[in-house]
Amino acid sequence: MSRSNGSTGTGDMNIKATFQALVDTIIPPTLRQAEAIGAIPIAGAVQLCVDEFVMNEIDHSQFVPINDEHRIQIPLSRLTAQLLDMGAEQLIRRGLAQHPLSPWIFPGGGLFSALSRDDRLQTLALLDRLEIPLHLMPPPYQNNPGMIQTMIDSLTQLTMFGYYSEWFGYGTTRLSPPAYRQVEFFPPGWRMIGYPGPAFGYRDFRGFLLKYPHAKGEYSND
């Protein structure tokens, strides 16, 4: 699957393919009808590299309890990919998968990434309902229902944050520490939600209708 920056990704292909499948499940590419133009393709989360955002946030998060008896040395993104694959295995074992496996959509991935988009959604719901053998899950998820449900919620939230925030607009600096990131171009997410971008001050006064034109963040000679 092509990505907007032309990159093919680096690192563990199994983890990357799993997270690409994950964000594609939550925000897939779509078509939007525009008058006089017809259908316009709208990039999904994979095309905006949101999988990299989610993986980076998870691996630098404080999800792992400080007093956990298992000292986690493995990146949490890898353990989360295993969690998703084990959820997919449970879906298949129970005969709940509705479509055949398609391992070529996200090459290098495991069971979760080989499922159809509908079946991936069912897998996330299965994990969220804890309809899985908790003792077989990888640490820190093993016998830890609260953390599993927190992570499933967070995967959706992080995908939304990465897609609609300025993150993709950081361009070549998007994976740098926050202090070294710079917005290099107008992020697609801002355009989709109608956010005009940062400014020194907007003339909005919430709760009251403005009686003069909105400058949309640009300077005015008024």
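Residues numbered from 1 in each chain as written. Predicted model: local features only at pLDDT ≥ 70, side-chain atom pairs only at ≥ 80, totals over all residues. Heavy atoms only, no water.

In a regular helix each residue adds 1.5 Å, so 12 residues correspond to 16 Å; helix α5 (residues 117-128) covers 17 Å between its end C-alpha atoms and thus fits that length. Looking only at α5, the buried set comprises D119, R120, T123, L124, L126 and L127. On an axial view of α5, the arc spanned by its buried residues comes to 160°, and they lie on one face. Downstream of α5 by a residue or two, L130 has a phi angle that is positive, lying close to 60°. (Helix = DSSP H or I, 4+ residues; strand = E, 2+ residues; numbered from the N terminus. Expected span 1.5 Å × (residues − 1). Buried < 20%, exposed > 50% of the residue type's maximum accessible area, 1.4 Å probe, protein only. Arc of directions from axis to C-beta.)

Counting 43 residues, the largest nonpolar core has F19, V54, I58, Y141 and L155 as the members making the most contacts within it. At the level of elements, α1 (13-26), α2 (50-59), α3 (76-93), α5 and α6 (145-164) are the ones that each hand at least two residues to this core. Apart from the residues within four sequence positions on either side, V54 is in contact with F19, V23, L155, L158 and T159. (Core = buried A, V, L, I, M, F, W, Y, C linked by side-chain atoms within 4.5 Å. Contact = heavy atoms within 4.5 Å.)

Where strand β1 (residues 30-34) and strand β2 (residues 38-42) come together, five bridges link them in antiparallel fashion. In the strand pairing of β2, T30 is matched with I42. Hairpin geometry of β1 and β2 is characterised by an intervening segment of three residues between the two adjacent antiparallel strands and by a positive phi of about 70° at A36. (Pairing = 2+ DSSP bridges.)

Attention now moves to the confidence of the model for the protein. A residue-level look at the protein finds 80% of positions with pLDDT of 70 or above and a mean pLDDT of 84. Residue range residues 1-11 is modelled with pLDDT below 50. Its contacts to residues more than four positions away, or to other chains, number 19 contacts. (pLDDT = per-residue confidence, 0-100.)

Glancing now at the packing of α3 against α5. Contact geometry for α3 and α5: axes closest at 9 Å, N-to-C directions at 100°. When the interaxial angle is binned, α3 and α5 end up roughly perpendicular. Of α5, the residues touching α3 (which contributes L83, L84, G87, A88, Q90 and L91) are D119, Q122, T123, L124, L126 and L127. (Axes fitted to C-alpha atoms, helices over the stretch in contact; angles between N-to-C directions. Parallel < 35°, antiparallel > 145°, perpendicular 65-115°, else oblique.)

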